[in-house]
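For reference, the chains in residue letters:
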Amino acid sequence: MILSCRSALYQNAPISLQEQLLSVQASLRRLVTGRRALHRVAGEISASQWLPRTAWEAWQLDRMRQLAQHAALHVPYYRALFTRLDIDPARWRSLADVCEVPVLTKPEVIEAGKAMLSAKAPWLRFKGSTSGTTGRAMPGWRDRTSIAFEQAFVDRQAAWAGYRPGDRRAWLRGDPIIPRGQTDGPLVRLNRHDNMLMLSSYHLNRDNGMAYLEALADFDPVMLQAYPSSVSYLARLLEDQDERYRGRALKGIVTSSETLTPEDRRIISERFGCPVFDWYGAFERVAAIGTCEHGNYHVMEDYGLVEFEDNGDGTANLIGTGFGNQCMPLLRYRADDMVVLADPGYQCPCGRSFRVVDRVLGRVDDAIRTPDGTHVVMLDWIFAGLPGLIEAQVVQERLDFVRVRIVAGPDFTARTGQVLLARARERLGKAVRIELERVPSIERTRNGKFRQIVSHLKMESQHMEAPWQV
């Protein structure tokens, strides 16, 4: 798109024009969002968040029937599947009956292609795809109603964080608002349409980070929306200086798109002086999990039907069906993400009856493989409480060799490095050789995200697959 911040027009424009283009983009996004659907869904979920726990099965069963009947009539993939397996959603009497629909996987969606698209999808629809960093890219379609549905839940999460429409907010995510080659000058842009200060996640280093913190405090947003790795970087800079964020209006920080570790949450909250509200969503739009005012992760029962596939170790894979996308419905889709299960009988003090999970772990394949076949996914604790450690990334070069890349401040000593190595050996075992590598910064992906675990074993297996294009 010519107005996108990724376009040559934007990248080569003066700052004043870049800021105008950001406002125009925001205005166009609002036009694309179905406003009538947005107001309708926002009203519905404002009420449904207070439903009693006993009401959810009937509520979700009704929406599952509606979505499945739509799919059976208008989606070629499901029409053929339901005919072959003699599935009739009208016969469903409980959520257990939904399980007669087989679990859907990403390769199956890719293989089906346009057979997943509803014949009743409007002509104005929007195509996206997964990044393909963990395998082949998967295409996905949405329409204006689906976009509005998603936006209503994002808005509700922002409201939980204390934000109200029109408040000042700040944005530190993957938008390339600053040309990659720029190293000096202002590294922030003002989107006046959204009353939003935008900062680049691609330019984070010690000097720029302190300038970011000054710009944030001067703008004084009510809410900051950020990648966990980006805002935790700033929080660790503050910790390294034994300082706290000096803005006064900040009520909440909303993180998403990456795994938020407990240690990151603690440091961010302590240094910025406000709660962290973490949000889990997925490109496939089959599940949403958000943080309430009490810091608990709630499964958004009004967003979709989420099943937990127990792994027997306290973690579970997500199988979800989102209620908001009739353009390309995905029934019982196995997401590439895991959670740590909470006590199923726990009732959050916030009063909402949504189920609670302890933690969102992120992608299943964000893991280190050891020679004995163990998959290690929870490595964040090895970095907890280490003075002077700004960022760290674990890179698996071979089955028996791992590098821990660290961005270290002045307080990071040789002794601290030995503690880190000892913790890593305890977690990964003696058969894995571990080396520390100091680096000035850790590069982000092309979407501005930070990968805590990079496995070259995984990448090698991908390269052996036949090329596939959407």
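The shown structure was predicted, so the numbers you read here are calculated from the model rather than taken from an experiment.

With that settled, the discussion passes to the overall build of the protein. Counting its regular elements, the protein contains 12 helices and 20 strands. Relative to the globule expectation of 23 Å for 470 residues, the C-alpha radius of gyration of the protein, 23 Å, shows essentially globular dimensions. The principal-axis extents of the C-alpha atoms in the protein amount to approximately 65 × 55 × 50 Å. Here the protein, with 470 residues, has 54% of them falling under the buried criterion. In the form shown here, the protein has an accessible surface area of approximately 21400 Å², with 52% of it arising from carbon and sulfur atoms. Within the protein, the 56 negative side-chain charges are centred at a point lying 4 Å from the centre of the 61 positive side-chain charges.

Here the focus is unusual backbone geometry. The phi dihedral of Asp86 falls on the positive side, at around 55°, and the residue is not glycine. Topologically, Asp86 is positioned in the loop between α5 (76-85) and α6 (106-112). By relative accessible area, which is 53% here, Asp86 ends up exposed. The residue Asp220 is not glycine, and still its phi comes out positive at about 55°. By secondary structure assignment, the location of Asp220 is in the loop between α8 (206-219) and β6 (223-226).

This part is about the packing of helix α9 (residues 228-240) against helix α10 (residues 262-272). Put simply, α9 and α10 touch, their axes get as near as 9 Å, and they point 55° apart. By the angle class used here, α9 and α10 are oblique. Regarding α9 and α10, the two cross each other, and that crossing is left-handed. Mapping the contact onto sequence places Pro228, Val231, Ser232, Leu234, Ala235, Arg236, Leu238 and Glu239 in α9 and Glu263, Asp264, Arg266, Ile267, Ile268, Arg271 and Phe272 in α10. Of the residues belonging to the contact of α9 with α10, the class tally is 8 nonpolar, 1 polar and 6 charged.

On to the nonpolar core, then. The biggest cluster of nonpolar side chains holds 110 residues, and the ones touching the most others in it are Tyr78, Leu224, Leu234, Phe272, Ile289 and Leu330. If sequence neighbours within four positions are ignored, Leu224 has contacts with Ala170, Trp171, Leu172, Leu216, Val231, Leu250, Gly252, Ile253 and Val254.

For an α-helix the count is 3.6 residues per turn, leaving residues at separations of three or four pointing the same way. With 14 residues, helix α3 (residues 35-48) should reach 20 Å at 1.5 Å per residue; the first-to-last C-alpha distance of 20 Å fits that figure. Along α3, the positions that sit buried rather than exposed are Ala37, Leu38, Val41, Ile45 and Ser48. Considered in projection along α3, the buried side chains sweep an arc of 105° and stay on one side of the axis. The outward face of α3, more than 90 degrees from its buried face, is lined by the exposed residues Arg36 and His39. Structurally, α3 contributes buried residues whose contacts are with α4 (56-74) and α7 (144-160).

What follows covers the packing of aromatic side chains. Enumeration over the complete set of coordinates arrives at 9 aromatic pairs. In this structure an aromatic cluster arises from ring pairing among Trp56, Trp59, Phe323 and Phe354. A cation over an aromatic ring shows up here: Arg125 above the ring of Trp141, its NZ or CZ 5.3 Å from the ring centre. Over the ring of Trp171 we find Arg173, and its NZ or CZ is 5.4 Å from the ring centre.

Okay, the sheet that holds strand β17 (residues 389-398) next. Pairing is mixed across the open sheet formed by 4 strands, whose spatial order is β19-β18-β17-β20. Taken across any chain shown, the strands that pair with only one partner, and hence form the sheet edges, are β19 (433-438) and β20 (453-455). Averaged over all neighbouring strand pairs, the angle between strand axes comes to 20°, with direction disregarded. Two strands pair when backbone bridges link them, and β17 and strand β18 (residues 401-408) are joined in this way by 8 bridges, in the antiparallel orientation. Each residue of the ladder has a partner; that of Val394, found in β18, is Val404.

Looking now at the confidence of the model for the protein. For the protein, per-residue confidence averages 88 on the pLDDT scale, and 91% of positions sit at 70 or higher. Under a pLDDT of 50 for its full length, residues 458-470 has, in the predicted model, 18 contacts with residues more than four places off or in other chains.

Helix-helix packing: each pair is described by the crossing angle between the helix axes and the interaxial distance. For the pair α8 and α9, the least separation of the axes is 10 Å and the interaxial angle reads 95°. On the basis of their axis angle, the class for α8 and α9 is roughly perpendicular. For the pair α8 and α9, contact is made by Arg206, Gly209, Met210, Tyr212, Leu213 and Leu216 and by Tyr233, Leu234, Leu237, Leu238 and Asp240, respectively. Among the residues forming the contact of α8 with α9, the class breakdown is 8 nonpolar, 1 polar and 2 charged.

Okay, the pairing of β18 next. The element β18 is extensively covered by neighbouring structure, given that 6 of its 8 residues are classed as buried. In textbook terms, the turn of a hairpin is the stretch between consecutive antiparallel strands, and for β17 and β18 this stretch comprises 2 residues. Alignment of β18 against β19, held across 6 bridges, turns out to be parallel. The residue of β19 that forms the bridge with Val402 is Ile434. In terms of handedness, the path from β18 via helix α11 (residues 414-428) over to β19 forms a crossover that is right-handed.

A few words now on the pairing of β6. Alternating positions in β6 separate into two faces, Met223 and Gln225 on one and Leu224 and Ala226 on the other, with burial throughout. Where the polypeptide runs from β6 across α9 and back to strand β7 (residues 252-256), its parallel neighbour, the crossover connection is right-handed.

Cut-offs applied
Residues numbered from 1 in each chain as written. Predicted model: local features only at pLDDT ≥ 70, side-chain atom pairs only at ≥ 80, totals over all residues. Heavy atoms only, no water. Helix = DSSP H or I, 4+ residues; strand = E, 2+ residues; numbered from the N terminus. Rg over C-alpha atoms; globule rule 2.2 N^0.38 Å. Buried < 20%, exposed > 50% of the residue type's maximum accessible area, 1.4 Å probe, protein only. Areas by Shrake-Rupley, 256 points an atom, 1.4 Å probe, with all protein chains shown as cover. Lys, Arg positive; Asp, Glu negative; His and termini not counted. Charge placed at Lys NZ, Arg CZ, Asp CG, Glu CD. Axes fitted to C-alpha atoms, helices over the stretch in contact; angles between N-to-C directions. Parallel < 35°, antiparallel > 145°, perpendicular 65-115°, else oblique. Left-handed = near helix turned anticlockwise from the far one by under 90°. Contact = heavy atoms within 4.5 Å. Nonpolar A, V, L, I, M, F, W, Y, C, P; charged D, E, K, R; others polar. Core = buried A, V, L, I, M, F, W, Y, C linked by side-chain atoms within 4.5 Å. Expected span 1.5 Å × (residues − 1). Arc of directions from axis to C-beta. Phe/Tyr/Trp six-rings, centres within 6.5 Å; stacked < 30°, edge-to-face > 60°. Lys NZ or Arg CZ within 6 Å of the ring centre and 35° of its normal. Pairing = 2+ DSSP bridges. pLDDT = per-residue confidence, 0-100. Right-handed = clockwise from strand over helix to strand, strands pointing away.

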